[in-house]
Amino acid sequence: EKSESKPKAKYFEGNTGLRAIMEDVLISVGRSSNKQYYVYSSSSIRDTLYNVFPEWNKERIKKNISVQSISIGPGGKLHGMDERKGISKKEDAPTYTMIYAGKLALISLDETGDPIGVVVEDMNTYKTQAMIFKELWVKI
């Protein structure tokens, strides 16, 4: 964590950890000149996020932050300042991924159903994942 040139990784667990990740997205993207982030939205995790942070979309919109979301699995809806495309309506993914402001957040559920997550802060990882997301976005 001490070197600016090396990637940083932080581990989070439980509802408090999940909320901390979501707040980091709002803070980091809110401070960025590019007020947009990207999501691979897994239907099996999506409800957990909104249960932990029910005012998420209101806060995101208030901060003028937009999102492009690729849905994996059934469900999902638009809330404003967002776009959504899907790659599967039947199968979901075990990880919800947020690509934002030089960071990558990977959120899943442990064997008891509690949220766990890792945030990797690395501009090269961010650029690679954003590039892959954007290429997939135009193809679906």
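Since we're looking at a predicted model, the values are computed, not measured.

Each value, and the rule that gives it
- Along each chain, numbering runs from 1 in the same order as the chain's sequence is written.
- pLDDT decides what is reported in this predicted model: residues at 70 or higher carry local features, side-chain atom pairs at 80 or more are listed and counted, and totals for whole chains, interfaces and linings draw on all residues regardless.
- As a rule here, side-chain values cover all heavy atoms of the structure and leave hydrogens and water aside.
- Think of it this way: any DSSP run of H or I at least four residues long counts as a helix, any run of E at least two long counts as a strand, and we number them from the N terminus.
- Exposure classes here rest on a 1.4 Å probe applied to the protein chains alone. A residue is buried below 20% of its type maximum, exposed above 50%, and partly exposed in between.
- Two residues form a contact once any of their heavy atoms are found within 4.5 Å.
- Only the protein chains shown count as covering a residue, and every accessible area follows the Shrake-Rupley method with a 1.4 Å probe.
- Two residue types count as positive, namely Lys and Arg, and two as negative, namely Asp and Glu; His and chain ends fall outside the count.
- Charge coordinates come from a single atom per side chain, which is NZ of Lys, CZ of Arg, CG of Asp or CD of Glu.
- Think of a nonpolar core as a cluster: buried Ala, Val, Leu, Ile, Met, Phe, Trp, Tyr and Cys residues, connected wherever their side-chain atoms sit within 4.5 Å.
- Think of each axis as a best-fit line through the C-alpha atoms, taken over the contacting stretch in the case of a helix, with angles from 0 to 180 degrees between the N-to-C directions.
- The labels follow the angle: roughly parallel below 35 degrees, roughly antiparallel above 145, roughly perpendicular from 65 to 115, and oblique for the rest.
- The residue classification treats Ala, Val, Leu, Ile, Met, Phe, Trp, Tyr, Cys and Pro as nonpolar and Asp, Glu, Lys and Arg as charged. All others, Gly included, are polar.
- Any carboxyl oxygen of Asp or Glu that lies within 4 Å of a side-chain nitrogen of Lys or Arg is treated as forming a salt bridge with it.

1. Structural notes on the overall build of the protein chain
Piece 1. Scanning the protein chain for helices and strands turns up four helices and seven strands.
Piece 2. Counting from the amino terminus, the protein chain carries its helices and strands in the arrangement β-α-β-α-α-β-β-β-β-β-α.
Piece 3. Along the first, second and third principal axes, the C-alpha atoms of the protein chain reach 45 × 35 × 30 Å.
Piece 4. Across the 140 residues that make up the protein chain, the buried fraction comes to 39%.
Piece 5. Partitioning the intrachain contacts of the protein chain with sequence separation of at least 6 by distance along the chain shows that 62% fall at a separation of at least 24.
Piece 6. For the protein chain, the exposed surface amounts to about 7900 Å²; the carbon and sulfur share of it is 51%.
Piece 7. Both charge centroids of the protein chain, one from 21 positive and one from 18 negative side chains, sit 7 Å from each other.

2. A word on the nonpolar core
Piece 1. Judged by nonpolar contacts, the single largest core of 21 residues is most densely connected at Tyr37, Trp56, Met98, Tyr100 and Ile107.
Piece 2. Of all the secondary-structure elements, those providing two or more residues to this core are α1 (14–31), β2 (36–42), α2 (43–52), β5 (96–100) and β6 (103–109).
Piece 3. Looking at this core element by element, the count peaks at six residues for α1.
Piece 4. Contact partners of tryptophan 56, with chain neighbours within four places excluded, come to Met22, Val25, Leu26, Tyr37, Tyr50 and Met98.
Piece 5. Tyr40, Leu104, Tyr126 and Ala130 belong to the second largest nonpolar core, which has eleven residues in total.

3. Here we look at the packing of α1 against α2
Piece 1. Following both chains from N to C, one finds α1 and α2 inclined at 85°, their axes separated by 9 Å at the closest point. Here α2 runs roughly perpendicular to α1, going by the angle between their axes. Across the interface between the two elements, Asn15, Leu18, Arg19 and Met22 of α1 pack against Thr48, Leu49 and Val52 of α2.
Piece 2. Residues belonging to the contact of α1 with α2 are distributed by class as follows: four nonpolar, two polar and one charged.

4. Here we look at the pattern of salt bridges
Piece 1. All chains considered together, the criterion is met by five salt bridges.
Piece 2. Of the charged contacts, one joins arginine 19 and glutamate 23 as a salt bridge, the two residues approaching to 3.0 Å between their closest N and O atoms. Taken as a pair, arginine 19 and glutamate 23 lie in helix α1 at a separation of four residues, close to a single helical turn.
Piece 3. A residue is classified by how much of its surface remains accessible, and glutamate 23, at 33% relative accessible area, is partly exposed.
Piece 4. Residues arginine 60 and aspartate 82 are paired through a salt bridge, measuring 4.0 Å at the closest nitrogen-oxygen approach. Taken together, the residues arginine 60 in helix α3 (residues 56–62) and aspartate 82 in strand β4 (residues 82–88) connect sequence positions 22 residues apart. Neither arginine 60 nor aspartate 82 differs from the other in exposure class; each is buried.
Piece 5. What you see here is one network of salt bridges that share partners, running through Arg19, Glu23 and Glu55.

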